[in-house]
Amino acid sequence: MFKKRRKPNLLLAIGTGIGVLCIGVGLPVMYQNGFFNSTEKKLALVDTHNKDSKVLPLLQLSREQRASELENLAQNDKTIDRSRARYLLATDLLEEKQGAKALKWLENLEKDYGLLSGHIALKRAQALELTGDNNKAIQAWQDVLKHHSKEPVAAEALYVLGQQQSKYWDQALKDFPAHPKTVEIAMQRLQKNPNQRDLMIKVAQYGHYHPGIISVLDRLVKKFETDLTPEEWEIIAFAYWEKQIYGKAGAAYSNAPRTPRNAYRAARGLQLGDKTDLARIEYKKLLKEFPEAPETGLGLLRLEKMVDPKEAMAYLDQIIAQFPDKAAEALLHKSKLHEELKNGKAASETRQILLNQYSNSDAAAELRWTLAKQRANAKDIKTAWEYAQAITKENPNSELAPEAAFWVGKWAKSLGRDTESKKAFEYLLAQYPETYFAWRAAVFLGWNVGDFTTVRQKLPEVTYPQFRPSLPAGSDTLKELYNLGQDQDAWKLWQLEYTNPTDPTVAQQFTDGLMRLGVGDNLDGIFMIYSLKNREKPEEQSQYQTLKASSAYWQSLYPFPYLDIIVPWAKKRQLNPLLVTSLIRQESRFMPKIKSGVGAVGLMQVMPETAAEVARSVGLKQYKLENPEDNVQLGTAYLDYTHREYNNNSLLAVASYNAGPGNVSDWVAKYGFSDPDAFVEKIPFNETKDYVKKVFENYWNYLRLYNPEIGQRLQAHAASLKTASRQ
């Protein structure tokens, strides 16, 4: 039914420039039914001058719900909240096509709200258009140009005025090439004359978000391949890379200016595009042209997997000798290669070098974890426990450390070391609170977080923060628009302010993620924020760690769009709303029109044939899978079915949602189910194994971030362990 579906590859891109719905966006109504309550929760990234605002918390309400309160605030003395209330009332009325009423609130607003004077002029012109007074509307657009000619809002005026006089569109292309309205001008002109080289270059450089970008790139390469400059090839390459068209990106990067990064991406792109022979050539060019560049060390690690064993061994030795930051990983690869060549003694010696000389490396952690699992499979639990424990001590920053810490607890318990088991689970909860294994540790410690057999029935209390996180980058105007929930206008402005997407700072990348989430580009928005963890420069990693310590960072990674649809259908199916939200986050990143490679559609990635079957069972005669309401109705019905199939065991139900009931039944019969944690590790489909962990990791993060009881308990737990460690 849902089996063998390929999901969009969320984490495939490498390096920076890769690409929330944010807190407060996409929540048209507040829930008063016990699931959702609104109470103040300060975020680490909230501006101090905003925390006392009476206007900003109203953004969580629908236009109808907040109107009267905004009107009251708009009558107060001259304060920032008065100006904000008037602006919001106007923009709400514009959404309702009530231009005349909007004009009332915009009247003379610039005098008190200079920060948004350009956007006030813009809204006035839009309001006049709605009244049908064309002459006044044209004059208002001319006023935008007259008084705000250097500001991005001028591009909006140029777009409107250019529909009658083409000179205005020419001016927009010259003065504001990055503005989305200008990109739209370029696309419209390309529809009339598809082979305008300069316009195609502008779209390639500034229109990555446009749905027609790929066809423009393809046509540009096909039509002007021999005339493109290296700099233009770089623009094209980055655009393909952003869209994860890696084979074409690699080919384009091979023609771009020769820098270590471009040379690496040429090879890596071709490799990811399954053009192995060409990739091998490009990796060797990288080695020859930039023998000491950091990218070359990584390139050699890629290349050694694409050549015969003798050549691979030589590359690994070269990495060990020349690239100390990659030496540990090269030693691990070398030990595996020796194993493949049936050279057990050399493999053992290489592993010993790795553990002795690079004990704190991620590669050493991977080796220890491999050895731990081997010993566990051989029923040598004590040795497995020792290897896992070594990871928690020697490799605490490894991605494997949370899993190792969990099994330290499990294996200690099986060895009768209950005190050590409890300490391991407590350490895991404090040290790695965002992980799937932290949730499993909380279950073993008896916390009220729901287990596989009880998660379905839970209806957790959720507290929603009143304020959005403040943007760490961008102009004051951008930040104010974002604070006010004016996401489309903020996103347009950001396109002009974000001038270095190929090499953004940590602050810029986080801001870009928030901007994308604000306009519903949740897939790339979440990825932009998540991928900050890959920063390698010490100062950038330090900035990331500071950001990671804030609740705003995590709440942006785990947003709550479509609650007005998810909650009612979850309750109707007697499903935990957080579990449904978590599954949707994993399936689609809240993208309602996304389609998988095999045809699964929408928020819950429903296969058309499954949808037809489920629709018949629930009496739904007409539906569209791209419609969020229909998709969640059908997806929750199927999730209810998989739960009923397995006696409300959510582990099996979620696995079945991904892999199909037949496969899960076979696995239960083959592996048994006395230990659910062991069962998860035995799931033979890596996609499904990862899927199960990710869905429940999502659930745990929503719970720890938004449930007051669990959030407070985690904070107290971490504080108590920190105090104990000092004594």
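Structure first, text after, so check above.
Residues numbered from 1 in each chain as written. Predicted model: local features only at pLDDT ≥ 70, side-chain atom pairs only at ≥ 80, totals over all residues. Heavy atoms only, no water.

### Some remarks on the overall build of the chain
Part 1 of the argument: For the chain, the helix and strand inventory stands at 38 helices and two strands.
Part 2 of the argument: Against the compact-globule benchmark of 27 Å for 727 residues, the chain has a radius of gyration of 28 Å, which places it among compact chains.
Part 3 of the argument: Taken along the three principal axes of its C-alpha coordinates, the chain extends 85 × 65 × 60 Å.
Part 4 of the argument: Evaluated residue by residue, the chain yields a buried proportion of 54% over its 727 residues.
Part 5 of the argument: Taken as a whole, the chain presents about 31,800 Å² of accessible surface, with 48% of it coming from carbon and sulfur.
Part 6 of the argument: Of the side-chain charges in the chain, 96 are positive and 87 negative, and the distance between the mean point of each set is 3 Å. (Helix = DSSP H or I, 4+ residues; strand = E, 2+ residues; numbered from the N terminus. Rg over C-alpha atoms; globule rule 2.2 N^0.38 Å. Buried < 20%, exposed > 50% of the residue type's maximum accessible area, 1.4 Å probe, protein only. Areas by Shrake-Rupley, 256 points an atom, 1.4 Å probe, with all protein chains shown as cover. Lys, Arg positive; Asp, Glu negative; His and termini not counted. Charge placed at Lys NZ, Arg CZ, Asp CG, Glu CD.)

### A word on unusual backbone geometry
With glycine set apart, most residues show a phi of negative sign, and most peptide bonds adopt trans.
Part 1 of the argument: The phi torsion at Asp 274 lies on the positive side, around 65 degrees, for a residue other than glycine.
Part 2 of the argument: Of note, Asp 274 is situated in the loop between helix H13 (260-272) and helix H14 (276-289).
Part 3 of the argument: Judged by its relative accessible area of 68%, Asp 274 falls in the exposed class.
Part 4 of the argument: Located in the positive-phi region is Lys 379, a residue other than glycine, with phi close to 70 degrees.
Part 5 of the argument: Examined against the element boundaries, Lys 379 turns out to sit in the loop between helix H19 (362-377) and helix H20 (381-394).
Part 6 of the argument: You can call Lys 379 exposed: its relative accessible area is 71%.

### A short note on the packing of helix H8 (residues 180-192) against helix H9 (residues 197-206)
Part 1 of the argument: Orientation of H8 relative to H9, taken along the N-to-C sense of each, is 140 degrees, at an axis distance of 9 Å. When the interaxial angle is binned, H8 and H9 end up oblique. For the element pair H8 and H9, the recorded crossing hand is left-handed. Residue-level contacts link Val 183, Ala 186, Met 187, Arg 189 and Leu 190 of H8 to Leu 199, Met 200, Val 203 and Tyr 206 of H9.
Part 2 of the argument: In terms of residue class, the contact of H8 with H9 is built from eight nonpolar, no polar and one charged. (Axes fitted to C-alpha atoms, helices over the stretch in contact; angles between N-to-C directions. Parallel < 35°, antiparallel > 145°, perpendicular 65-115°, else oblique. Left-handed = near helix turned anticlockwise from the far one by under 90°. Contact = heavy atoms within 4.5 Å. Nonpolar A, V, L, I, M, F, W, Y, C, P; charged D, E, K, R; others polar.)

### Some details on the packing of aromatic side chains
Part 1 of the argument: Inspection of the entire model under this criterion finds 32 aromatic pairs.
Part 2 of the argument: Judged by centre distance (5.4 Å) and plane angle (40 degrees), the ring pair of Trp 407 and Trp 411 falls under tilted. Within this pair, Trp 407 and its partner Trp 411 are both found in helix H21 (residues 401-414), separated by four residues, close to a single helical turn. We note that Trp 407, like Trp 411, is buried.
Part 3 of the argument: For the pair Phe 560 and Tyr 706, a centre-to-centre distance of 4.6 Å together with 55 degrees between the ring planes defines the contact as tilted. Highlighted residues: Phe 560 in the loop between helix H29 (551-557) and helix H30 (563-572) and Tyr 706 in helix H37 (residues 686-706), separated in sequence by 146 residues.
Part 4 of the argument: Sitting over the face of the ring of Tyr 159, Lys 181 holds its NZ or CZ atom 4.5 Å from the ring centroid.
Part 5 of the argument: Over the ring of Tyr 558 we find Arg 585; its NZ or CZ atom is 4.1 Å from the centre of that ring. (Phe/Tyr/Trp six-rings, centres within 6.5 Å; stacked < 30°, edge-to-face > 60°. Lys NZ or Arg CZ within 6 Å of the ring centre and 35° of its normal.)

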